[in-house]
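Chain and residue survey
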Amino acid sequence: MAVVTAALALGASDAQAGNLRQYSIATGGAPFEEITDGTPITNKPDTGTTVIFPDYQGPSDYSAQGFEIGFDFRLGGRLFDQFVVSSSGGLFFGDGVVNYGGDAFAITMTPVKEDFERADITYKTVGTPGDRICIVQYGHARMATQEGEKAECSLQFRLHEKDGKIELCFREEKAPATNSNGFNTSLQGWDANDVFVATAQSMVEDAKLSTFKKAYMLDSESYIHWTATGDLVEQRYTFTPCLDTTAPANAPRNLKVAQEGSDLLIQLAKAPGADATIVLVSESPITSADLPSDGETFLAANDMMFGNAHAIYYGTDTRISLTYPDIKPSQDY
């Protein structure tokens, strides 16, 4: 039996989702243009946040067909053709079906303190094949504020087919009565740790990458603040995929593979300068089709297939010891 394993060093960057560079963030983008002929999803007032499928509304785990994006949209290295919404500013994605309640890939601009008590949610896909944009709009959303006059705004999520760009657009319609409001503005990948969160001290400031993985009301750097400025504000945030993710020049070190009974024992060390390591095993020669591509998200990718290659480890450990069980007799790996 011949044994060949692939261990790859993964690059580091200052803009991250999970442990790899995924998106850059910029303040600005196309102006808010209200869609008036979109397909309605709901305008039903709800208590608390509700997930909305075409045939279901509720807070629990659920898996079913969602709303059609109209094209294959790439988020965090995966392609999706459907989405569902939460009643308070969240999109959750799936391919064929959407599995809500698990580790669904998501884009959010959800209130930090209160939910929306109502919003006119519609969606529409515009453009020509190859250059389409799916727009999901929360029109005239009203905050379920318990103190003072209820603030109102409209939100748009714009998903671009051409380059995977994501635009979030906020339009203030009635300013908040207090300065304790804000939005958890984030992209989520494989799980709750594979998250890219934006922060800004007000809607008129440029957003930047937060060190947090979710919004906390008491941590001002973990969300975008919505404060009364005296003027009605419109703001846009653009997330652009980074496709120039290059691995460090150095490969993982000290790779050792030995057979023990029906198991393969694999040991190696993370490459100098690498942010993480992924270990692949295949029963056929590994080709470029088996390797992760630019823009791929790797967190929680253990036990995932890349082409014919099985990803048995992804992590940030300096020294790595693995067991690949139940190898086949006379099979090359």
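In case you missed it, the structure is sitting above this.
Here the structure is a predicted model, which means the values were calculated and not measured. (Residues numbered from 1 in each chain as written. Predicted model: local features only at pLDDT ≥ 70, side-chain atom pairs only at ≥ 80, totals over all residues. Heavy atoms only, no water.)

This part takes up the overall build of the protein. Check the secondary structure of the protein and you find zero helices and 26 strands. Burial analysis of the protein (333 residues in total) assigns 50% to the buried set. For the protein, contacts bridging at least 24 residues in sequence account for 64% of all contacts bridging at least 6. Counting every atom, the protein has about 15,000 Å² of accessible surface; 47% of that belongs to carbon and sulfur. (Helix = DSSP H or I, 4+ residues; strand = E, 2+ residues; numbered from the N terminus. Buried < 20%, exposed > 50% of the residue type's maximum accessible area, 1.4 Å probe, protein only. Contact = heavy atoms within 4.5 Å. Areas by Shrake-Rupley, 256 points an atom, 1.4 Å probe, with all protein chains shown as cover.)

Strand-to-strand pairing in sheets goes through backbone hydrogen bonds, with the strands running parallel or antiparallel. Read from one edge to the other, the open sheet built from seven strands follows the order 2-20-15-14-13-12-3, with strand pairing classed as antiparallel. Bordering the open sheet on either side are strand 2 (23–27) and strand 3 (39–42), each of which pairs with just one other strand. Across this sheet, the average inter-strand angle for adjacent strands is 15 degrees, counted without regard to direction. Pairing analysis gives nine bridges linking strand 12 (residues 116–126) to strand 13 (residues 133–143), with the strands arranged antiparallel. Bridge pairing in strand 13 links Asp120 to Gly139. (Pairing = 2+ DSSP bridges. Axes fitted to C-alpha atoms, helices over the stretch in contact; angles between N-to-C directions.)

Our focus in this paragraph is the packing of aromatic side chains. For the structure on display, the rule yields 16 aromatic pairs. Of the aromatic side chains, those joined through ring pairs into one cluster are Phe73, Phe80, Phe93 and Phe105. (Phe/Tyr/Trp six-rings, centres within 6.5 Å; stacked < 30°, edge-to-face > 60°.)

Of the volumes computed, that of the largest pocket is approximately 500 Å³. In terms of lining residues, the largest pocket is bounded by 23 residues, among which Phe92, Thr108, Thr110, Asn184 and Gln188 are the most central. Those elements that place two or more of their residues in the lining of the largest pocket are strand 11 (106–111) and strand 16 (181–188). Sort the elements by how many residues they give to the lining of the largest pocket and strand 11 lands first, with five residues. (1 Å grid on protein atoms, 1.4 Å probe; cavity = no way out; pocket = protein on both sides within 12 Å on 5 of 7 lines; lining within 4 Å. Points joined across faces, edges and corners; volume = space filled by probe spheres on them.)

Here the focus is the sheet that holds strand 21 (residues 253–260). Pairing in this open sheet of three strands is antiparallel, and the strands run 21-22-26 from one edge to the other. Edge strands, defined here as strands with exactly one partner in the open sheet, are strand 21 and strand 26 (319–324). The sheet shows a mean angle of 10 degrees between the axes of neighbouring strands, direction not considered.

The subject of this paragraph is the pairing of strand 16. The side chains of a regular strand alternate between the sheet's two faces. In terms of residue burial, strand 16 counts as a mostly covered element, since seven of its eight residues are buried. Sheet topology places strand 11 next to strand 16; six bridges connect them, and they run antiparallel. Of the residues in strand 16, the one forming a bridge with Ala106 is Gln188. When strand 16 meets strand 19 (residues 224–226), the two strands line up antiparallel, connected through three bridges. Its bridge partner lying in strand 19, Gly182 is registered against His225. Note: strand 16 against strand 17 (residues 195–199), four bridges, orientation antiparallel. Pairing of Leu187 across the sheet is with Phe196, part of strand 17.

Take it as geometry only, folks, not as evidence of what the structure does.
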